[in-house]
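What the coordinates show
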Amino acid sequence: MLDSTLQTVLIVDDSPDIHRLISARLSAEGVALLHAHDAVEGLAIAREQLPDLILLDLEMPGTDGMTLFSQLKEESALDAIPVIFLTGTLDVTTKVQAFELGAVDYVTKPFDAIELKARVRAALRTKRYQDLLATKARIDALTGLWNRGYLTDQLAVEVSALIRHGSPVALIMVDIDHFKRINDTHGHPFGDIVLQRVAQVLGQATRDNDVVCRYGGEEFAIILRDTSSVGAVSIAQRLCHAVAAITFRQGRETVQVTASFGVAGSDQCDDHDAVSADTLLEAADMALYAAKSAGRNRVGW
Ligand code: GH3
Ligand code: MG
Ligand code: MG
Ligand code: MG
Ligand code: MG
């Protein structure tokens, strides 16, 4: 399913006439237009708004379009934004160079309005698929939760926010108890249903800006932003009860599952600089191991 939100197009061109012309041509296209009149403004708006497409004039006074283009390609948050060059006549060498540098297309001035529209449409269509794939690559197919790759990325983001702003971050690791036995007794498809339901409960019982992910097999991990370890322990206790309260039916039989939880918080370490994604994962894993050893269906920290 493709996302139907409005796509945004940033026009970077020093000529007000070009802005007027393109605005008139694209007005009926159902896109939101952003306007920058030089490269510096273009870069600032790109960083702030993350447009879906940039129409970039190559000939601008001050910083030229090609320089802005290389700046975009150097920033990981911006390098995937498709760019169409707007330019006067281009010789073949420059055209080839533009594509080699990563431009998706070019339009030569004076341009035909219908052609410009068609090229913008094509680029935006490709961008929708690119966004869809990027989202799918971060989602676990069975449960619909974020996957481990996304968790690892977000944990790195949170740890750098911690180092910059001092906002605490906590991590909860979750592992379903005796899950092998559940599979062996009731079958693998039933095990899958258990994973889906536990995932749903973990998602529902946490806040929207917590990152709930399937870490692997029957293990989940949750990043809690701006949360102390004491706060995280009480959230984990609530989640532990919520999982134990789920009742599964298989024919006439009812089946209960439990899970063990391990909590680690950045505030358990006095030195922010010593906290990393790895130290948090290790600490949460050790806490989880302690919960398992102490009898399962409980929270370790
Ligand atoms: P413990 O309480 O110590 O965590 O025991 P456990 O049985 O849960 O742990 P163990 O790691 O031995 O077993 C995990 C099981 O999870 C084994 C594996 O077959 C099962 N599993 C992993 N991924 C899936 C999956 O996608 N679907 C199903 N149904 N089972 C899975
Ligand atoms: Mg110009
Ligand atoms: Mg496990
Ligand atoms: Mg295990
Ligand atoms: Mg387990």
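Report follows, based on the coordinates.

Each value, and the rule that gives it
- Residues numbered from 1 in each chain as written.
- Chains lettered and ligands numbered in written order.
- Predicted model: local features only at pLDDT ≥ 70, side-chain atom pairs only at ≥ 80, totals over all residues.
- Core = buried A, V, L, I, M, F, W, Y, C linked by C-beta atoms within 7 Å.
- Buried ≥ 20, exposed ≤ 12 C-beta atoms within 10 Å, placed from the backbone.
- Helix = DSSP H or I, 4+ residues; strand = E, 2+ residues; numbered from the N terminus.
- Near = placed C-beta within 6 Å.
- Nonpolar A, V, L, I, M, F, W, Y, C, P; charged D, E, K, R; others polar.
- Pairing = 2+ DSSP bridges.
- Contact = placed C-beta atoms within 7 Å.
- Axes fitted to C-alpha atoms, helices over the stretch in contact; angles between N-to-C directions.
- Parallel < 35°, antiparallel > 145°, perpendicular 65-115°, else oblique.
- Left-handed = near helix turned anticlockwise from the far one by under 90°.

**Comments concerning the nonpolar core**
In terms of nonpolar packing, the biggest core is built from 50 residues, with Ile172, Ala236, Phe261, Val263 and Ala284 touching the most fellow members. Listed by contribution, the elements that provide at least two residues to this core are helix 6 (148–165), strand 6 (169–176), helix 8 (188–204), strand 7 (211–216), strand 8 (219–225), helix 9 (229–244), strand 11 (259–265) and helix 10 (277–293). In terms of nonpolar packing, the next biggest core, distinct from the first, is built from 27 residues, Leu10, Ala36, Leu58 and Val120 among them.

**Quick look at the site of ligand 1**
Not every one of the 17 residues close to ligand 1 is listed here, only the nearest: Asp177, Phe179, Lys180, Gly191 and Gly217. Counting only elements with at least two residues in the shell around ligand 1, the list comes to strand 6, helix 7 (179–186) and helix 8. Of the residues contributing to the shell around ligand 1, the split by class is four nonpolar, five polar and eight charged.

**Brief notes about the sheet that holds strand 11**
In space, the five strands of this open sheet follow the order 7-8-6-11-12, with mixed pairing throughout. Only two strands of the sheet have a single neighbouring strand rather than two, namely strand 7 and strand 12 (299–300). Relative to strand 8, strand 7 runs antiparallel, the two sharing five bridges. Bridge pairing in strand 8 places Arg214 opposite Phe220. The sheet strands contacting helix 6 are strand 6, strand 7 and strand 8, and the helix crosses strand 7 at an angle near 130 degrees.

**Overview of the environment of Ala122**
Relative to the helices and strands, Ala122 is located in helix 5 (residues 113–136). Since 14 C-beta atoms lie within 10 Å of it, Ala122 is described here as partly exposed. Along the chain, Ala122 and Asp105 lie 17 residues apart, while their C-alpha atoms are 9.9 Å from each other.

**A word on the packing of helix 2 (residues 39–49) against helix 3 (residues 65–74)**
Relative to each other, helix 2 and helix 3 sit at 25 degrees, their axes nearing to 10 Å. Considering the angle they form, helix 2 stands roughly parallel to helix 3. In the crossing of helix 2 with helix 3, the sense of the turn from one axis to the other is right-handed. For the pair formed by helix 2 and helix 3, the contact residues are Ala39, Gly42, Leu43 and Ala46 on the first element and Gly65, Thr67, Leu68, Gln71 and Leu72 on the second. When its residues are assigned to classes, the contact of helix 2 with helix 3 shows five nonpolar, four polar and no charged.

**Describing the pairing of strand 10 (residues 253–256)**
For strand 9 (residues 247–250) and strand 10, the ladder comprises four bridges, and the chain directions are antiparallel. In the strand pairing of strand 10, Phe248 is matched with Val255. Connecting strand 9 to the antiparallel partner strand 10 that follows it, the hairpin turn spans two residues, and Gly251 within it adopts a positive phi of roughly 60 degrees.

**What about the environment of Thr94?**
Relative to the assigned elements, Thr94 resides in helix 4 (residues 92–101). For Thr94, a count of 14 C-beta atoms within 10 Å puts it in the partly exposed group. With 117 residues separating them along the chain, Thr94 and Val211 place their C-alpha atoms 45 Å apart.

**A closer look at the sheet that holds strand 1 (residues 7–12)**
Spatial strand order, 2-1-3-4-5: five strands in an open sheet with parallel pairing. Looking at which strands have only one partner, the edges of the open sheet turn out to be strand 2 (31–36) and strand 5 (105–108). Each adjacent strand pair in this sheet contributes to an overall mean axis angle of 20 degrees, direction not counted. Relative to strand 4 (residues 83–87), strand 3 (residues 53–57) is paired through four bridges, and the arrangement is parallel. Bridge pairing in strand 4 places Leu56 opposite Phe85. In this fold helix 1 (residues 16–26) packs onto strand 1, strand 2, strand 3 and strand 4, with an angle of close to 175 degrees to the strand it touches most, strand 2.

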